[in-house]
Amino acid sequence: MIVLRHYMNNPLRNFNYLIGCEHSGEAIALDPLGADDVMALARDNGLTIRLILNTHEHHDHIDGNPVVQAATGAEVWAHQNAEGKIPNQARGLVAGDVIEVGTLRLKVLFTPGHTLAHLCLLSEDGGPQGQPVLFSGDTLFNAAAGNCFRGGDVDQMYDTFVSQFQPLPDETLLYPGHDYMKNNLNFALDREPNNDMARYWLEQVEAIEAADMPVMTLGQERTYNPFFRLHQPRIRERLKESFPSLGEGDRDVFKALRALRDKW
Ligand SMILES: [Zn+2]
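Residues numbered from 1 in each chain as written. Predicted model: local features only at pLDDT ≥ 70, side-chain atom pairs only at ≥ 80, totals over all residues. Heavy atoms only, no water.

Asker: Explain the nonpolar core to me, using residue names and the numbers behind them.
Answerer: Residues Ile28, Leu53, Ile99, Leu121, Phe135, Leu185 and Tyr224 are the most contacted members of the largest nonpolar core, which totals 35 residues. The next biggest cluster of nonpolar side chains, apart from the first, holds 27 residues, and it includes Tyr158, Leu168, Leu218 and Leu246. (Core = buried A, V, L, I, M, F, W, Y, C linked by side-chain atoms within 4.5 Å. Buried < 20%, exposed > 50% of the residue type's maximum accessible area, 1.4 Å probe, protein only.)

What follows is the structure in structure tokens.
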């Protein structure tokens, strides 16, 4: 599996992706905002775009669809809950669907929370060492969870983390929809000031451009991403400073973290 990540250098800091089959040269354009850039990237790498996939219906993930479609004839697929929200959507995907392009096999995960039509894509063995690869859109970012205030629901986001992300193995490679890593690591350190891994990775990413951000594994995320670290006593103690009547449940902790991240 070929993964080409394109950083948009826009205020929203979007990543666009081409996911290609190395045998057939066919590719999926995932969330193509920068249509011309994505098509040039395909051309330069000998890939033919066969399919446009959207993780969800927000404009910064779909606005390049028409130009890519006009140039390639590729259909637009997204979750079935996005039907009527994404122009020209040809297929409504559901959990468990497997998308096949060339030898690519991408499993659809239904991951509501950021919006109620959000999907993630999982390749079970597409990494360079045969490890799983997760394209997480705006649900899971490096060092944080996505927001839930533009058509989303934080309870469903929590359920998505528990049911869809927690079971994935540590070696899973993570490709999110935006680069917010620096800001998120600062938030992580604010929540857990003694987290050495958060501090280490903040120092690393402060020294590099967004286009060169490292590709992290879920195992690494579990060492510094507060949304995976709900049981950490330091996180819970700190939250009680802001939410004195905070409950003991993981869901309460997750929602309190997300509420603070909304204002960060
Ligand atoms: Zn979004």
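Having put the structure on the table, let's press on.
Asker: Residues and numbers for helix 4 (residues 154-165), please.
Answerer: The end-to-end C-alpha separation of helix 4 is 15 Å, in line with the 16 Å expected for twelve residues at 1.5 Å each. The inward-facing, buried residues of helix 4 contact strand 9 (119-123), strand 10 (133-137), strand 11 (140-141), strand 12 (144-145), helix 7 (218-224) and helix 9 (250-262). With a side-chain oxygen positioned 3.2 Å from the backbone nitrogen of aspartate 155, the residue opening helix 4 is aspartate 153. (Helix = DSSP H or I, 4+ residues; strand = E, 2+ residues; numbered from the N terminus. Expected span 1.5 Å × (residues − 1). Contact = heavy atoms within 4.5 Å. Polar contact = N/O pair within 3.5 Å; in protein donor to acceptor, adjacent residues only side chain to side chain.)

Asker: Would you mind going over the pattern of salt bridges in detail, with residue names and values included?
Answerer: Opposite charge on two side chains permits pairing when their charged atoms draw close. Using the criterion set out here, one finds 19 salt bridges in the structure. The residue arginine 251 makes a salt bridge to aspartate 155 at a minimum N-O spacing of 3.0 Å. One end of the pair, arginine 251, is in helix 9; the other, aspartate 155, is in helix 4, and 96 residues separate them in sequence. You can call arginine 251 partly exposed: its relative accessible area is 29%. Where salt bridges share partners, they join Asp155, Asp159, Arg251 and Lys255 into one cluster. (Salt bridge = Lys/Arg side-chain N within 4 Å of Asp/Glu carboxyl O.)

Asker: So what's going on with the UniProt feature "binding site: Zn(2+) 1" (unreviewed entry) in the chain? Which residues, and what values?
Answerer: Under the feature "binding site: Zn(2+) 1" (unreviewed entry), the UniProt entry names His56, His58, His114 and Asp138. The named residues occupy 83 residues along the chain; their greatest pairwise C-alpha distance, 9.9 Å, places them in one compact cluster. Inspection of the secondary structure puts histidine 56 in the loop between strand 4 (48-53) and helix 2 (59-62). Given the relative accessible area of 0%, histidine 56 is considered buried. Non-local contacts of histidine 56, meaning those with residues more than four positions away in its chain, are made with His61, Ile62, Ile86, His114, Thr115, Ala117, His118 and Asp138. For histidine 56, the side chain forms a polar contact with the side chain of histidine 58, separated by 3.2 Å. Of the residues examined, aspartate 138 reaches a relative accessible area of 3% and is grouped as buried. Side chain to side chain, aspartate 138 and histidine 56 meet in a polar contact 3.3 Å long. (UniProt positions renumbered as here; feature names shortened; annotations may be inferred.)

Asker: Please provide a residue-by-residue account of the state of the cysteines, values included.
Answerer: Following the criterion strictly, the structure yields zero disulfides and no others. You can see cysteine 120 has no disulfide; the closest cysteine sulfur is in cysteine 148, sitting 13 Å from it. Residue classification places cysteine 120 among the buried positions, given a relative accessible area of 0%. A relative accessible area of 12% means that cysteine 148 is categorised as buried. (Disulfide = S-S within 2.5 Å.)

Asker: Would you mind going over the coordination of the zinc ion in detail, with residue names and values included?
Answerer: Every protein donor of the zinc ion is accounted for by His56 (NE2), His58 (ND1), His114 (NE2) and Asp138 (OD), and the metal-donor separations fall at 2.2 to 2.4 Å. Around the zinc ion, the four donor atoms are arranged such that angles at the metal cover 86 to 175 degrees; this shape is classified as irregular. Considered as a linear motif, the donors of the zinc ion on their single chain read H-x1-H-x55-H-x23-D. With histidine 58 in the loop between strand 4 and helix 2 and aspartate 138 in the loop between strand 10 and strand 11, this residue pair connects regions lying 80 residues apart in the sequence. Across the pair, aspartate 138 and histidine 58 agree in class, each one buried. (Donors = N, O, S within 2.8 Å, 3.2 Å for Na, K, Ca; no water. Tetrahedral: all angles 85-135°; square planar, octahedral: opposite > 155°, others 65-115°.)

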